[in-house]
Amino acid sequence: MSTGLIIALIAIVAVVVAVAAVLTLRARGPRHGASLKRRFGPEYERAVTRHDGDTRAAERELSERVERHGSLQVRPLEPAERERYEARWTAAQERFVDAPREAVAEADRLIAELAGTRGFPAGGQYEEQVAALSVHHAHHVEGYRRVHRVAQAHPDGAHDGADGTEDMREAMVEARALFEELVRPSRHDGGRRGAAGDRTAAPATHRDGHRTPSLLHRRQAKES
């Protein structure tokens, strides 16, 4: 077989492979995008908006997140750890009445620490931690972003005012949803929770759920 014929055959094979790859990507593209949209929910729309409506770019970013963090193994919390985190969150909510900015800052630190304890990136890796959380808690990670932004903005409290306090209140409420997902035993925890965890976790959630609105309403009553 001549060299020219070999080169021609190689070129033909390369073209066939390229065409097949393109057709495969086109065939799976919509399904892949739909899968990402189902998995990420609001995070999908947020990524599309950040990429100025470019869904392909957004899907590449989300796919990269799944590749980096999809296999992350979440570490179960021991009952005593869960109880400590719940107590600290309750204390932060109570502190909001008189010191909202300090309470939000504590909530920001608490979520970062809790996420690190459960096996998400830690040690000051905020962006990477958020990316990993978005893969496993896509519907609530925005609450963490929001409380982090509020905690970092105007640390001297010079611009708090009524609107600022309301922003902080909303950030705390939204962030709490992620906190509860992180502190709650997952289906993979099995029997690690133990009887003590069964006794302590549910009352803490119930207590928080009724206490937070009253504390925040008291804050608003003070300001009116």
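Residues numbered from 1 in each chain as written. Predicted model: local features only at pLDDT ≥ 70, side-chain atom pairs only at ≥ 80, totals over all residues. Heavy atoms only, no water.

Turning our eyes to something else, we now look at the overall build of the protein chain. Summing up its helical and strand segments, the protein chain has nine helices and zero strands in all. Helices and strands appear in the protein chain in the N-to-C order α-α-α-α-α-α-α-α-α. Sorting the 224 residues of the protein chain into buried and exposed places 39% on the buried side. Long-range contacts, defined here as pairs at least 24 residues apart, represent 73% of the contacts in the protein chain between residues at least 6 apart. (Helix = DSSP H or I, 4+ residues; strand = E, 2+ residues; numbered from the N terminus. Buried < 20%, exposed > 50% of the residue type's maximum accessible area, 1.4 Å probe, protein only. Contact = heavy atoms within 4.5 Å.)

Okay, the nonpolar core next. Residues Val104, Ile111, Leu133, Tyr144, Val147, Phe179 and Leu182 are the most contacted members of the largest nonpolar core, which totals 31 residues. Counting only elements with at least two residues in this core, the list comes to α4 (79-95), α5 (100-117), α6 (126-136), α7 (141-152) and α8 (161-183). Leu36, Tyr44, Val48 and Leu62 belong to the second largest nonpolar core, which has nine residues in total. (Core = buried A, V, L, I, M, F, W, Y, C linked by side-chain atoms within 4.5 Å.)

With that settled, consider the pattern of salt bridges. Where charged atoms of side chains with opposite charge meet at close range, the side chains can pair. As enumerated under the stated definition, the model contains 17 salt bridges in all. Across the salt bridge formed by Arg169 and Glu166, the nearest N and O atoms sit 2.7 Å from each other. One end of the pair is Arg169 and the other is Glu166, both in helix α8 and three residues apart, which spans about a single turn. Note on Glu166: relative accessible area 26%, which makes it partly exposed. The structure contains a network of salt bridges with shared partners spanning Glu43, Arg46, Arg50, Glu61, Arg65, Glu142, Arg145 and Arg149. (Salt bridge = Lys/Arg side-chain N within 4 Å of Asp/Glu carboxyl O.)

Moving on, we come to the packing of aromatic side chains. Evaluation of the coordinates by the stated rule reveals two aromatic pairs. Their ring planes at 15 degrees and their centres at 4.5 Å tell us that Trp89 and Phe179 sit as a pair that is stacked. Note that Trp89 is positioned in helix α4 and Phe179 in helix α8, a separation of 90 residues in sequence. For the pair Trp89 and Phe179, one class covers both residues: buried. Here Tyr126 and Tyr144 contribute two aromatic rings whose centre-to-centre distance is 5.5 Å and whose plane-to-plane angle is 75 degrees, an arrangement assigned as edge-to-face. Taken as a pair, Tyr126 in helix α6 and Tyr144 in helix α7 lie far apart in primary sequence, 18 residues in all. Exposure class is identical for Tyr126 and Tyr144. Each is buried. (Phe/Tyr/Trp six-rings, centres within 6.5 Å; stacked < 30°, edge-to-face > 60°.)

Attention shifts here to unusual backbone geometry. The residue Asp52 is not glycine, and still its phi comes out positive at about 55 degrees. With respect to the secondary-structure elements, Asp52 resides in the loop between α2 (42-50) and α3 (55-69). For Asp52, a relative accessible area of 75% puts it in the exposed group.

Look at α3 against α6: their axes get within 9 Å of each other, and the N-to-C directions meet at 95 degrees. In terms of their interaxial angle, α3 and α6 are classed as roughly perpendicular. Within the contact between the two elements, α3 uses Arg65, Val66, Arg68 and His69 and α6 uses Glu128, Ala131, Ala132, Ser134, Val135 and His136. Class assignment for the residues of the contact of α3 with α6 results in four nonpolar, three polar and three charged. (Axes fitted to C-alpha atoms, helices over the stretch in contact; angles between N-to-C directions. Parallel < 35°, antiparallel > 145°, perpendicular 65-115°, else oblique. Nonpolar A, V, L, I, M, F, W, Y, C, P; charged D, E, K, R; others polar.)

For the rest of this paragraph, the subject is the side chain of Arg118. Mapped onto the secondary structure, Arg118 falls in the loop between α5 and α6. A polar atom in the side chain of Arg118 sits 3.3 Å from the backbone oxygen of Arg184. (Polar contact = N/O pair within 3.5 Å; in protein donor to acceptor, adjacent residues only side chain to side chain.)

Let us now look at the environment of Ala57. Looking at the element boundaries, Ala57 is found in helix α3. Spatially, the C-alpha atom of Ala57 lies 8.5 Å from that of Ala47, the residues being ten residues apart in sequence.

Among the structural elements, Glu180 can be located in helix α8. Each C-alpha atom of the pair Glu180 and His140 lies 9.9 Å from the other, and the pair is 40 residues apart in sequence. For Glu180, the side chain forms a polar contact with the side chain of Arg176, separated by 2.8 Å.

Moving on: α7. Helix length check: α7 (twelve residues) gives 17 Å between terminal C-alpha atoms against 16 Å at 1.5 Å per residue, within 8%. Along α7, the residues that are buried comprise Val141, Gly143, Tyr144, Arg145, Val147, His148, Val150 and Ala151. (Expected span 1.5 Å × (residues − 1).)

Scope: geometric values only; no functional claims are made or implied.
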